[in-house]
Amino acid sequence: DADVRVDDALVEALLAGLESGAALTWAAPAPVAPGLERGLLVQSAHSFEVLDAMSPGSSPLCGKAMALSPQALEVLRILPDCVGEDLELSKELHAYNLQTRLVARAQLPGARPAGAAFARFSRWMQVLRAHRGALFPSIPLFFACTPVLLAASVVGPWSLRALVALLFVARMALAWRQEGRVSLWWLPGEALLLASWGRALWLGQRVTWRGRTLQLGPAGALREVTR
């Protein structure tokens, strides 16, 4: 992808994964600048490294930086035009029993304005709903529940406060494991994810991309909306 910092270490990690037998290797996006996006994509439960570790089936593939074997390229060629082609590719590779492997982090330089980040994650939530609709409700229930539970615990019983405290400690431990230092950016990152989920729910099947309004069909197939 255009906003990925490509260096020797990234290329070598991607190619080494192919040489060891994977059909496709990929890197988890990791914004360099501290802030909402790094908090969400590196420190939180929505980090692609965490998602990959939890995924029982096809990989939650992110197409920021990938290396494809000849077999993976053949599968890519038969995909329909769709939004979220990386997730669709992951599902097809899994169906063919071809392995995908997360091998590195893809560094994303620069800082994106909050509005642009909100628009991007809203589209990501629409992609999730189109390709893995059964997982869409898991966003507010698990991946972005901490801000809501924290607010509820202020007026809730002590039992709720104790449970929320345990959740907060677990989220902090995960952030420490992912970041290597204490950080609280994961909390507003969860709030961003929750707001993006809500906006995706409100937008429904319509996606706006570079000034064009597109309609999402089955498996993320795209159709331009005529006005």
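This text follows the structure it describes.
Only a predicted model underlies this, so the values are computations on that prediction, with no experimental measurement involved.

### A word on the environment of Val148
(1) Moving on: Tracing the backbone through its elements, the reader meets Val148 in helix α8 (residues 146–155).
(2) Moving on: With a relative accessible area of 46%, Val148 lands in the partly exposed category.

### Notes on the packing of helix α6 (residues 114–131) against helix α10 (residues 186–203)
(1) Moving on: The geometry of α6 relative to α10 is characterised by a closest axis approach of 8 Å and an angle of 60° between their N-to-C directions. Considering the angle they form, α6 stands oblique to α10. Between α6 and α10 lies a crossing of right-handed hand. Side by side, α6 and α10 meet where Ala117, Phe118, Ala119, Phe121, Ser122, Met125, Gln126 and Arg129 of the first sit next to Leu192, Leu193, Ala195, Ser196, Trp197, Arg199, Ala200, Leu201 and Leu203 of the second.
(2) Moving on: Of the residues assigned to the contact of α6 with α10, the class counts are twelve nonpolar, three polar and two charged.

### Quick word on the sheet that holds strand β2 (residues 66–68)
(1) Moving on: Taking strand neighbours across the sheet as the criterion, the three strands line up as β2-β1-β3 in an open arrangement whose pairing is mixed. Each of the sheet's edge strands pairs with one partner strand only, and the pair in question is β2 and β3 (100–108). Neighbour-to-neighbour, the strand axes of this sheet turn through a mean angle of 20°, independent of strand direction.
(2) Moving on: For strand β1 (residues 24–31) and β3, the ladder comprises eight bridges, and the chain directions are parallel. Its bridge partner being in β3, Ala30 is matched across the sheet by Gln107.
(3) Moving on: Contacts between helix α2 (residues 36–43) and the sheet are confined to β1 and β3, with β1 contributing the most and set at about 140° to the helix.

### Some remarks on the pairing of β1
(1) Moving on: Taking burial as the measure, the eight residues of β1 include eight buried ones, the bulk of the element.
(2) Moving on: With three bridges joining them, β1 and β2 adopt antiparallel strand pairing. Within β2, the position partnered with Leu24 by the bridge is Leu68.

### Quick notes on the side chain of Ser196
(1) Moving on: Mapping Ser196 onto the fold places it in helix α10.
(2) Moving on: For Ser196, a relative accessible area of 0% gives the class buried.
(3) Moving on: Here the side chain of Ser196 touches Leu192 through a polar contact of 2.8 Å, landing on its backbone oxygen.

### Structural notes on the packing of α8 against helix α9 (residues 158–179)
The relative placement of two packed helices is expressed as an angle between their axes plus a distance between the axes.
(1) Moving on: Axis separation between α8 and α9 bottoms out at 9 Å; the angle between their running directions is 150°. Judged by the inter-axis angle, α8 sits roughly antiparallel to α9. As for how α8 packs across α9, the hand of that crossing is left-handed. In contact with Thr146, Leu149, Leu150, Ala152, Ser153 and Val154 of α8, α9 contributes Leu160, Arg161, Val164, Leu167, Phe168 and Arg171.
(2) Moving on: Considered class by class, the residues forming the contact of α8 with α9 number eight nonpolar, two polar and two charged.

### Some details on unusual backbone geometry
(1) Moving on: If you check the backbone angles, Asn97 has positive phi at about 60° while not being a glycine.
(2) Moving on: Examined against the element boundaries, Asn97 turns out to sit in the loop between α5 (85–95) and β3.

### Some details on the packing of aromatic side chains
(1) Moving on: Summed over all chains, the structure comprises six aromatic pairs.
(2) Moving on: Ring centres 5.1 Å apart and planes at 25° place the aromatic pair Phe136 and Trp197 in the stacked group. One end of the pair, Phe136, is in the loop between α6 and α7 (138–143); the other, Trp197, is in helix α10, and 61 residues separate them in sequence. Comparing Phe136 with Trp197 shows no difference in burial state: the two are buried.
(3) Moving on: On the basis of an interplanar angle of 85° and a centroid distance of 4.8 Å, the ring pair of Phe142 and Phe143 is categorised as edge-to-face.
(4) Moving on: Judged by relative accessible area, Phe142 falls into the partly exposed class, the value being 38%.
(5) Moving on: An aromatic cluster of at least three residues, connected via ring pairs, comprises Trp26, Phe48, Phe121 and Trp124.
(6) Moving on: Of note, Arg161 hangs over the ring of Trp158, and the distance from its end group to the ring centre comes to 4.6 Å.
(7) Moving on: Over the face of the ring belonging to Phe142 we find Arg171, whose NZ or CZ atom lies 5.1 Å from the ring centre.

Rules used throughout
- Residues numbered from 1 in each chain as written.
- Predicted model: local features only at pLDDT ≥ 70, side-chain atom pairs only at ≥ 80, totals over all residues.
- Heavy atoms only, no water.
- Helix = DSSP H or I, 4+ residues; strand = E, 2+ residues; numbered from the N terminus.
- Buried < 20%, exposed > 50% of the residue type's maximum accessible area, 1.4 Å probe, protein only.
- Axes fitted to C-alpha atoms, helices over the stretch in contact; angles between N-to-C directions.
- Parallel < 35°, antiparallel > 145°, perpendicular 65-115°, else oblique.
- Left-handed = near helix turned anticlockwise from the far one by under 90°.
- Contact = heavy atoms within 4.5 Å.
- Nonpolar A, V, L, I, M, F, W, Y, C, P; charged D, E, K, R; others polar.
- Pairing = 2+ DSSP bridges.
- Polar contact = N/O pair within 3.5 Å; in protein donor to acceptor, adjacent residues only side chain to side chain.
- Phe/Tyr/Trp six-rings, centres within 6.5 Å; stacked < 30°, edge-to-face > 60°.
- Lys NZ or Arg CZ within 6 Å of the ring centre and 35° of its normal.

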